[in-house]
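# Remarks on the overall topology
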4 protein chains.
Amino acid sequence: MPLFTGVVPPVVTPLTADFGVDWGSFTRTLEHLIGAGVHGLFVLGSTSEVVFHDEPTRRRIVEHAVKVANGRAPVLVGVIDPTTDRVIGHARIAEAAGADAVVVTAPFYTRTNQAETIDHFRYVRTAIDLPVIAYDIPVCVGMKLERATTVALAREGTIAGLKDSSGDDGNLRYVLQDMRNDAGFFGMTGSEIVVDSCLAMGAHGVVPGLANVDPHGYVRLWTLMQAGDHGGARAEQERLCRLFEMVWVSLGRTSAGSAGVGAFKTAMRRLGIIDSNVMARPQRSLNDDEAARIDVILKATGLID
Amino acid sequence: MPLFTGVVPPVVTPLTADFGVDWGSFTRTLEHLIGAGVHGLFVLGSTSEVVFHDEPTRRRIVEHAVKVANGRAPVLVGVIDPTTDRVIGHARIAEAAGADAVVVTAPFYTRTNQAETIDHFRYVRTAIDLPVIAYDIPVCVGMKLERATTVALAREGTIAGLKDSSGDDGNLRYVLQDMRNDAGFFGMTGSEIVVDSCLAMGAHGVVPGLANVDPHGYVRLWTLMQAGDHGGARAEQERLCRLFEMVWVSLGRTSAGSAGVGAFKTAMRRLGIIDSNVMARPQRSLNDDEAARIDVILKATGLID
Amino acid sequence: MPLFTGVVPPVVTPLTADFGVDWGSFTRTLEHLIGAGVHGLFVLGSTSEVVFHDEPTRRRIVEHAVKVANGRAPVLVGVIDPTTDRVIGHARIAEAAGADAVVVTAPFYTRTNQAETIDHFRYVRTAIDLPVIAYDIPVCVGMKLERATTVALAREGTIAGLKDSSGDDGNLRYVLQDMRNDAGFFGMTGSEIVVDSCLAMGAHGVVPGLANVDPHGYVRLWTLMQAGDHGGARAEQERLCRLFEMVWVSLGRTSAGSAGVGAFKTAMRRLGIIDSNVMARPQRSLNDDEAARIDVILKATGLID
Amino acid sequence: MPLFTGVVPPVVTPLTADFGVDWGSFTRTLEHLIGAGVHGLFVLGSTSEVVFHDEPTRRRIVEHAVKVANGRAPVLVGVIDPTTDRVIGHARIAEAAGADAVVVTAPFYTRTNQAETIDHFRYVRTAIDLPVIAYDIPVCVGMKLERATTVALAREGTIAGLKDSSGDDGNLRYVLQDMRNDAGFFGMTGSEIVVDSCLAMGAHGVVPGLANVDPHGYVRLWTLMQAGDHGGARAEQERLCRLFEMVWVSLGRTSAGSAGVGAFKTAMRRLGIIDSNVMARPQRSLNDDEAARIDVILKATGLID
């Protein structure tokens, strides 16, 4: 059986006005997700603004999440930094703090090739006693985990699964087909908008940032697909696609990064889950005008009256 | 007067077999450079494998460089990490350790736009009491510092200068022209192979990784250009271009990153400056066959008999 | 009702040893497709090596296809060249030759923006009395037809439909949702490997180059999806994915373009549909060793014994 | 001796309001350039909007240029279309019309690799009895002519020279060094803004679109560099850099392509050389407000009072 399946949101890290973690809001976010029936929690992913946090803060975030989850959902932890030994440092902290698995990208800033990247995952796997999940996110790290790379790492047991945020669903499909006879492997999509498609082609789960705003929607979508109700799943997915349009509201004034997570935080604030939509420096937070436009989207998709 | 001018090599960080800093080799590298007459030392740049080093190691590298330099050459320090507050953390360490300036890239992994990147430099500048040098290296961070961004930061006094490793020499020229009447500003190229051109268009210095191998060559090139001897400078530059071909020797088997710095380390080992050509994990070091091919280049360019 | 739906293969143009069109093989190709029950024929697309053919040859190809089809399937004609007036020239020829619609890309070589590209489609539409289908293929033309561009052109009636070869299925989904209440519009995917997904999200058809090799497979896939048999469709799609692996057999020795269409031609030769796998100059044709590897794939997917 | 050297402007093609060639303005443009002392004329390049013109128009443009030039300057002719046999068709027309050489890009729309591109140049060279000049313009064709490709073609005699519009001046320098002992080869830069640098590193000429506006400036720059007056050349180059800023005036409203050539045409209209600044469809022409901003630049750089 795959180690993890289902809806595993990359959990937003709520901040205070002075850029510290807002622990109360973080607790409410975790409870909101667990209460909606998600199947796992992915903390310290890109949506968590992971690369903005230093080591001590990351440690506290993991400890807090593990404590709040309290066994109700597994806690996957992103150990994201440019190079191998620094990633191993984060991974050991995550392990000590009670993580159920670590999520590892290819190196970045430095430019490694596929062979060196394979070694990177092997070094990390050897250094800890936790499952390693490969995180394919070329838009952030500048390289794609090729099908052959992922499959080689999976077959030799270095990685337990894949989180695919590359947008290359054809490649994901080939990886899933290649690993079909290896029951332990799982592949999840990082997409918000083609989740039904990816599940239909055999993906074992989904890691949508938008689930911070509407976890019930993604759990419904998952359940409908499990039941083979493709029509119902499509309708739910299309509602979530309309909801996802919030990520373009501030684009231009803010960067793509700020626009996406900033929109999630702004919607979560409106829904009473977190207190502030502050983004880590130097990102811009959404303003009142943008928040009003997000309210319109929340209303149109049934999240507020 | 510009704060820094001339040849400012990005200093290689020699490693031991178990990936620690080889302090003896590092000392010899620094002495080799200072002895050749370089005008400054840039530690913890990309060529230094900066993103492979954790905070304590970076601190010791700066302290060591400052101690060895002992005022004979200014020490510029790369404070390179994905986001603002982590960069500020490195900058404060560099300041405490005696750096003469810090060198800052745009944020990476996260995707900021030009406006957020301007704020990034402002935040760093405000947090420390050292000159800030902008480091434009799109191949590593995924975005270019646009001419308007650099000039705005320079005119308001946030940055004292620019290290341009973008390869866009036309853009560097425009920045130099825009800042012509601001005597304090300096622009340096990170190129190894068009240094004469960049100096001829008004650049104030050069930061070539290859100077680790042949600092005398770059100092000669600088001196010839200062004397207006364009023909002599071109001849020296062309010899250095032939020397630079070492960076393609291992390409394919290793990544571009490993191939470049790995070649410098391999040549420095052959020249007796450092003990080992080990590269930080997960990069591949050059093998004996590749080292032999580099020997041929060193011979053809007069560095060994 | 959408003007066109279903399986509309981009028809390969078989060549003789001296690079002329092999009309006999072309006839057999068209009959092979029509006989398998495809719903339309797209001649002079990228798979047809359209940009290798001059105007007179293109005219004869359209005339031949229209004559062979003889009303059994509509004939869509690619009118692909860099700029507006040259595209209009091709479109008028297609119209005179009996085409049922023309398929138009964004300008290329020149670099137009979205606004100029909108004008491009308007100019073409005004010049002829045939439906215009937008062809989104950034890998060939260097720009993406943005969602807003496609939807604007569709809503004003300039384009009747979209052939999406961009690989951005999320964007295709948004276009389909935006146009949901406009019954006349159709969106087709150019993918070979996520056809079931695209149909499940509402696409009206598929234009797979691989259908030249196995049209029955894509017709089966279409029929299964029309019947709501997602499981059966997935199994058929996965067989076609294994078949599609032929496009990587010669990659490296040949370019991506030669490798894909060259593989289709090589397989069609083996299946007795065409006489030669010659590719237009300067592309490389597949060699005997590569052909043997394609035989293995044909056998594994049930196309030969 | 290299076949061609010096300033060889890519000649703008003036248009009438209905998008035909304005032959009177074209004659004045050619006379303007020849009168300023340019060393060659490059018609049907990217700046000539070559891909907008059909075969008959291209033929007339070459015939017209050859007739006006009348031996006072060699006429180089771009034979630019996506694929080999269509390029050969254009090349034969150019040859018949009296061209002194043809200028050939890599194939485009289709995606060829370096090996296929080498064959492309060989096929073209074999088909005609004129020198072939390689035109490296990745921004338009989507691939770079690698150093090894260019040097192989040059050494075997397939190409007589290179026009480099890639912006990769380091690569140009290596090609020039590799070909140093082959006196027949020439390399020219397509840059407007680093001409002094490229000449200083050994380039044999320059093909600047901006020379349509200010040919005297580029001839002065050439002459100063021939005389070894680097300081004088730099001052002239910097004035031309300020003039070149016209290409960004309309950017955003128009595409990059329209903004550049459109600005040249607008300036030429102001200088009385051509009658209209019309751009070929679907490109946008510059408007009155943009023309006024270009006037300011013309004044600041001494071209109008």
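Residues numbered from 1 in each chain as written. Chains lettered and ligands numbered in written order. Predicted model: local features only at pLDDT ≥ 70, side-chain atom pairs only at ≥ 80, totals over all residues. Heavy atoms only, no water.

### So, the relation of the copies chain C and chain A
Copy one and copy two of the chain differ by a rotation about a common axis and a shift along it. The two copies are related by a screw motion: chain C maps onto chain A through a turn of 180° and a shift of 0.0 Å along the axis, at an RMSD of 0.0 Å. Here the transformation between the copies is reduced to the relation of a two-fold axis. The rotation axis passes nearest to the C-alpha of C:Ser197 in chain C, at a distance of 2.5 Å. When the interface residues of chain C are mapped onto chain A, 100% of them are again interface residues, pointing to one common binding face. (Least-squares fit on C-alpha atoms with pLDDT ≥ 70 in both. Contact = heavy atoms within 4.5 Å.)

### Digging into the pairing of strand β5 (residues 132-136) of chain C
Residue and element names in this part refer to chain C. Among the five residues that make up β5, five are buried, leaving the element largely enclosed by the rest of the structure. Of the two faces of β5, the one carrying Val132, Ala134 and Asp136 and the one carrying Ile133 and Tyr135 are both buried. Alignment of strand β4 (residues 101-105) against β5, held across four bridges, turns out to be parallel. Of the residues in β5, the one forming a bridge with Thr105 is Tyr135. (Buried < 20%, exposed > 50% of the residue type's maximum accessible area, 1.4 Å probe, protein only. Helix = DSSP H or I, 4+ residues; strand = E, 2+ residues; numbered from the N terminus. Pairing = 2+ DSSP bridges.)

### Some thoughts on the environment of A:Val66
Residue and element names in this part refer to chain A. By the element assignment, Val66 lies in helix α2 (residues 55-69). In this structure Val66 comes out as partly exposed when scored by relative accessible area, which is 23%. Along the sequence, Val66 and Ile304 sit 238 residues apart, while their C-alpha atoms lie 30 Å from each other. For Val66, the contacting residues outside a window of four places in its chain are Val75, Ala97, Gly98 and Ala99.

### Quick look at the side chain of B:Lys163
All names here are of chain B. Structurally, Lys163 can be placed in strand β6 (residues 161-164). It turns out Lys163 is buried and unbridged, and the closest side chain with the opposite charge, Glu192, is 7.8 Å from it. Within the structure, the side chain of Lys163 is placed 3.4 Å from the side chain of Ser165, a separation counted as a polar contact. With sequence-adjacent residues up to four places away left out, Lys163 is seen in contact with Phe42, Ile133, Ala134, Tyr135, Asp136, Met188, Gly190 and Val207. (Lys, Arg positive; Asp, Glu negative; His and termini not counted. Salt bridge = Lys/Arg side-chain N within 4 Å of Asp/Glu carboxyl O. Polar contact = N/O pair within 3.5 Å; in protein donor to acceptor, adjacent residues only side chain to side chain.)

### Here we look at the relation of the copies chain C and chain D
When chain C is fitted to chain D, the best match, at an RMSD of 0.0 Å, comes from turning it 180° and sliding it 0.0 Å along the axis. The overlap is high: 100% of the interface residues of chain C also sit at the interface in chain D, so the same surface is used on both sides.

### Observations regarding the interface of chain C and chain D
Contacts between the two partners involve 44 residues from chain C and, on the opposite side, 44 residues from chain D. Carbon and sulfur atoms supply 54% of the area that chain C and chain D bury against each other, a total of about 3500 Å² over both sides. Summed over the shared surface of chain C and chain D, the number is four salt bridges. In this structure, C:Asp81 engages D:Arg86 in a salt bridge whose closest nitrogen and oxygen atoms are separated by 2.8 Å. Here chain C is connected to chain D by 21 residue pairs in polar contact (both at pLDDT 80 or more). The set of elements that each furnish at least two residues to the side of chain C that touches chain D consists of α3 (84-96), α4 (114-127), α5 (138-141) and α11 (256-270) of chain C. For the side of chain C that touches chain D, the per-class residue count stands at 17 nonpolar, 16 polar and 11 charged. (Buried area = accessible area lost by both parts, 1.4 Å probe. Nonpolar A, V, L, I, M, F, W, Y, C, P; charged D, E, K, R; others polar.)

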